[in-house]
Amino acid sequence: MTRRLLVLAFALAALPAAAQEYLSARGPAGLANVEPRINALLPLETVLHDESGKQVRLGDYFGDKPVVITPVYYSCPMLCGLVLDGLVSAIHEIPFKVGEEYEIVTFSFDPRDGAEAAAAKKERYTKKYGRPGSADGWHFLTGDEASIRALTNALGFRYTFDGKSGEFAHAAMVVVATPEGRISKYFWGIEYGPRDLRLGLVEASKNRIGGVTEQLLLLCYQYDASTGRYTAMAMNLVRLGGVATVLALGGFIVILTRRGRVNAEIERD
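Keep in mind it's a predicted model, so treat the numbers as computed, not measured. The numbering scheme is per chain: residues are counted from 1 as the chain's sequence reads. Under the rules for a predicted model, residues below a pLDDT of 70 receive no local features and side-chain atom pairs below 80 are neither given nor counted, while totals for whole chains, interfaces and linings still include all residues. Excluding hydrogens and water, the side-chain figures rest on all heavy atoms present in the structure.

**Concerning helix α7 (residues 212-220)**
Note the following rule: Think of it in three bands: residues with accessible area under 20% of the maximum for their type are buried, residues over 50% are exposed, and the middle band is partly exposed, with areas taken using a 1.4 Å probe on protein chains only. We count a stretch as a helix when DSSP gives it H or I for four or more residues in a row; a strand needs E for two or more, and each element gets its number in order from the N terminus. Comment: arc refers to directions from the helix axis out to C-beta atoms.
Looking only at α7, the buried set comprises E214, L218 and C220. When α7 is viewed along its axis, its buried side chains cluster within an angular range of 160° and face the same direction.

Below, the structure written as structure tokens:
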């Protein structure tokens, strides 16, 4: 984490003054430049192109699984790579598999990006993820200006182009959406907690994925939209601890009772 923060600091120092001001407007990675739109419906009819150049609809990637959405641009010299690296690091640590329990849609908000750039990014990051079948579940898309604006506006994601450097100033984030295409969770920055992403996917799926472990975690943790993280709910932790203590005592009493009966039977014999 420290290494990535240092890299980000150097990247910010190298950016034009206007871009630095945009990114540091309030909090890390320009969070003031995102307007969260929880439960908003994404424009599923938006026409884009996949990494092969084929025309697709955003809605083609929705239907029965939650979807992780990452807005980046493929020629980005620093920040977008850190976003995707952070995502790969997080999904490596969760039990759900890309393409099986959830999909990932990475799209470029630079209309100059084409299929070749998208295909190169796909090859790099699916290889970095390394799990079989991920190429079918992680999609790298491009689009024209109108399509990009429709999607970024729906996400509340704002960005500006600096003509001198030829680069974009933008926020760093990933978004989790429901299978129906509604925005469920935002996770900010370049580091994403595996537990946060895991619980975000479970909630977005309406508990269609995950098991008992995730249900217990959701009893103890609650999503905080202001931080983009799951935070512990102290009272629920205390209650769960109390239940565990009662169950442990009950089990201990049962064991002692059984031992007493066995001893009594031995003495009678």
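**Brief notes about the pairing of strand β8 (residues 173-177)**
The cut-off we apply is this: By this definition, two strands are paired if DSSP reports at least two bridges between them.
Burial runs high along β8: five of the five residues are buried. The alternating pattern of β8 places M173, V175 and A177 and V174 and V176 on opposite faces, both of which are buried. In this structure, strand β3 (residues 67-72) lies alongside β8, joined through three bridges in antiparallel fashion. Bridging across to β8, I69 finds its partner in V175. Pairing of β8 with strand β9 (residues 183-188), which is carried by five bridges, proceeds in the antiparallel orientation. In the strand pairing of β9, V175 is matched with Y186. If you look at the hairpin formed by β8 and β9, you'll find five residues sitting between the two strands, and G181 has a positive phi there, around 95°.

**A look at the sheet that holds strand β5 (residues 138-141)**
Neighbouring strands of a sheet are bound in pairs by backbone hydrogen bonds; such pairs are parallel or else antiparallel. Filter applied, for reference: Note on geometry: axes are C-alpha line fits, over the in-contact stretch for helices, and angles between N-to-C directions span 0 to 180 degrees. Residue contacts are defined here by distance: any two heavy atoms, one from each residue, within 4.5 Å place the two residues in contact.
Taken together, five strands build an open sheet; the order of strands is β5-β4-β3-β8-β9 and the sheet is mixed. Edge positions in the sheet fall to β5 and β9, since each has one partner strand and no second. With strand direction ignored, the average angle separating the axes of adjacent strands in the sheet is 20°. Running over the sheet, helix α6 (residues 194-204) touches β3, β8 and β9 and is turned about 170° from β9.

**Remarks on the nonpolar core**
What counts, and what does not: Nonpolar core, defined: a set of buried Ala, Val, Leu, Ile, Met, Phe, Trp, Tyr and Cys residues in which side-chain atoms within 4.5 Å join the residues together.
Counting residues in hydrophobic clusters, the biggest one holds 68 residues, and the most contacted among them are L42, I91, Y102, W138 and L155. The element contributing the most residues to this core is helix α3 (residues 79-92), with nine residues.

**Some words on α3**
Our working rule: In a helix, the anticipated span is given by 1.5 Å times the number of residues less one.
With 14 residues, α3 ought to run about 20 Å at 1.5 Å a step, and its terminal C-alpha atoms sit 20 Å apart, in line with that. Buried residues dominate α3, accounting for 12 of its 14 residues. Among the residues of α3, those classed as buried are L79, C80, G81, L82, V83, L84, D85, G86, L87, V88, A90 and I91.

**A short note on the side chain of D50**
The line we're drawing: Charge counting treats Lys and Arg as positive and Asp and Glu as negative, with His and both chain ends excluded. Salt bridges are identified by distance alone: a Lys or Arg side-chain nitrogen within 4 Å of an Asp or Glu carboxyl oxygen. N or O atoms within 3.5 Å of each other form a polar contact, as long as, within protein, one can give a hydrogen and the other can take it, and as long as residues adjacent in sequence are counted only when both atoms are side-chain atoms.
Mapped onto the elements of the fold, D50 is located in the loop between β1 (47-49) and β2 (55-57). K54 is the oppositely charged side chain nearest to the buried, salt-bridge-free D50, at an N-O distance of 5.5 Å. Here the side chain of D50 touches S52 through a polar contact of 2.7 Å, side chain to side chain. When residues no more than four places from it in sequence are discounted, the contact partners of D50 are V56, Y61, A115, F140 and L141.

This is a description of form; function is not addressed.
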